[in-house]
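Remarks on the overall topology
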Amino acid sequence: MASLRLLLGFDYGTKSIGVAVGQMITGQARELCNLKAENGIPKWEQIEALIKEWQPDAMVVGMPLNMDGTPSEFCARAQKFANRLNGRFNLPVFTHDERLTTFEAKGERRSQGGQRGSYRDNPVDAIAAKLVLQGWLDENPAEPQA
């Protein structure tokens, strides 16, 4: 973990994939964008463009566990997405529990001035990605430099 500096976080979905960026030094994540997906398949060239632009050292994918901590039916699809990220871009990919992140993201959107239209038209996936990545950063703090 010592060599990690910048990470991209993903909130995987079948219609939209939220993306966030975070830094190990500051331990902070922020939302980046929402990417459209068709039946869970992203436009890989968009992800490649983000990777070229941000040059992350690793990526984090939210894992949609059930409330009791067991894998949900959707976990296999999120894990497959994580495996494809690793296979396509040859970067380490970590997974992180994303329980309640969409609920929290909707609350954050409301507190920022409200939701305009439906969540389908104005998705909160990038906020959820930020929450996933922030959770991972909080659990994996950067080691102080000597």
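These figures come from a predicted structure and were not determined experimentally. (Residues numbered from 1 in each chain as written. Predicted model: local features only at pLDDT ≥ 70, side-chain atom pairs only at ≥ 80, totals over all residues. Heavy atoms only, no water.)

**Re the packing of helix α1 (residues 44-54) against helix α2 (residues 75-89)**
Filter applied, for reference: Geometry is summarised by axes, namely lines fitted to C-alpha atoms with helices restricted to the contacting stretch, and by angles between N-to-C directions that run from 0 to 180 degrees. Segments assigned H or I by DSSP are reported as helices when at least four residues long, segments assigned E as strands when at least two residues long, and all are numbered from the N terminus. Oblique is the label for any angle not covered by the other classes, which are roughly parallel (under 35 degrees), roughly antiparallel (over 145) and roughly perpendicular (65 to 115). Crossings are assigned a handedness: left-handed for a near helix turned anticlockwise from the far helix by less than a right angle, right-handed for a clockwise turn. The contact criterion used throughout is that any non-hydrogen atoms of two residues lie within 4.5 Å. Here the term charged refers only to Asp, Glu, Lys and Arg, the term nonpolar to Ala, Val, Leu, Ile, Met, Phe, Trp, Tyr, Cys and Pro, and the term polar to all other amino acids, Gly among them.
One can describe the packing of α1 onto α2 by two numbers: an axis separation of 12 Å at closest approach and a directional angle of 60 degrees. In terms of orientation, α1 lies oblique with respect to α2. In this structure, the crossing between α1 and α2 has a hand that is right-handed. On the side of α1, the interface is formed by Trp 44, Ile 47, Glu 48 and Ile 51, while α2 contributes Phe 81, Arg 84, Leu 85, Arg 88 and Phe 89. Classifying every residue of the contact of α1 with α2 by side-chain character gives six nonpolar, no polar and three charged.

**A word on the pairing of strand β3 (residues 28-38)**
Quick note on the threshold: Strands were regarded as paired on the criterion that DSSP finds at least two bridges between them.
Where strand β2 (residues 16-23) lies against β3, eight bridges are found, and the strand directions are antiparallel. Residue pairing across strands places Ser 16 opposite Lys 36, the latter belonging to β3. Following β2, the chain reverses through four residues before pairing antiparallel with β3; Gly 27 in that reversal takes a positive phi of roughly 70 degrees. Across two bridges, β3 lies against strand β4 (residues 41-42) in antiparallel orientation. Residue pairing for β4: Ala 37 is matched across the bridge by Pro 42. The hairpin turn running from β3 into β4, its antiparallel successor, is two residues long, and Asn 39 in that turn takes a positive phi close to 50 degrees.

**A few points about the pairing of β2**
Where we set the bar: Think of it in three bands: with a 1.4 Å probe and only protein chains considered, a residue is buried below 20% of the maximum accessible area for its type, exposed above 50%, and partly exposed in between.
Across the eight residues that make up β2, a large majority, seven, are buried. By the bridge criterion, six bridges tie strand β1 (residues 6-11) to β2 in an arrangement that is antiparallel. Pairing of Asp 11 across the sheet is with Gly 18, part of β2. What sits between β1 and β2 in their antiparallel hairpin is a turn of four residues.

**Things to note about a positive patch on the surface**
For clarity, the threshold we go by: The patch calculation keeps residues exceeding 30% relative accessible area without a salt bridge and links them within 9 Å when they carry like charges or within 5 Å when they are nonpolar (Val, Leu, Ile, Met, Phe, Trp, Tyr). Computed with a 1.4 Å probe, the accessible areas rest on the Shrake-Rupley method; for each residue, only the protein chains presented here act as cover. Salt bridge, as used here: a side-chain nitrogen of Lys or Arg that lies within 4 Å of a carboxyl oxygen of Asp or Glu. Only four residue types enter the charge count, namely Lys and Arg as positive and Asp and Glu as negative; His and the chain termini do not. Taken as the charge centre is NZ of Lys, CZ of Arg, CG of Asp or CD of Glu, depending on the residue.
A surface patch of like charges, here positive, comprises Arg 77, Lys 80, Arg 84 and Arg 88. With respect to the helices, strands and loops of the structure, Lys 80 is situated in helix α2. Note on Lys 80: relative accessible area 46%, which makes it partly exposed.

**Let's talk about the sheet that holds strand β5 (residues 58-63)**
Here six strands make up an open sheet; going across it, the order is β4-β3-β2-β1-β5-β6 and the pairing mixed. Looking at the sheet topology across the chains shown, the edges are occupied by β4 and β6 (93-97). Taken strand by strand, helix α4 (residues 125-139) contacts β1, β2, β3, β5 and β6, and its axis lies near 40 degrees from that of β2.

**Considerations on the pattern of salt bridges**
In the structure shown here, the tally under the stated rule is two salt bridges. For Arg 5, the salt bridge is made with Asp 57, and the minimal N-O distance between the two is 3.6 Å. With a gap of 52 residues between them, Arg 5 in the segment before β1 and Asp 57 in the loop between α1 and β5 connect regions that are remote in the sequence. Since its relative accessible area comes to 52%, Arg 5 is described here as exposed.

**Description of the nonpolar core**
What counts, and what does not: Put simply, a nonpolar core is a bunch of buried Ala, Val, Leu, Ile, Met, Phe, Trp, Tyr and Cys residues held in one set by side-chain atoms that sit within 4.5 Å of each other.
Ranked by internal contacts, the top residues of the largest apolar core, which has 23 residues, are Leu 8, Phe 10, Ile 47, Met 59, Phe 81, Leu 85 and Phe 89. Elements represented by at least two residues in this core include exactly β1, β2, β3, α1, β5 and α2. The leading source of residues in this core is α2, at six residues. Ranked by size, the runner-up nonpolar core spans twelve residues in total, among them Ala 58, Val 60, Ala 129 and Leu 137.

Geometry only, nothing functional implied.
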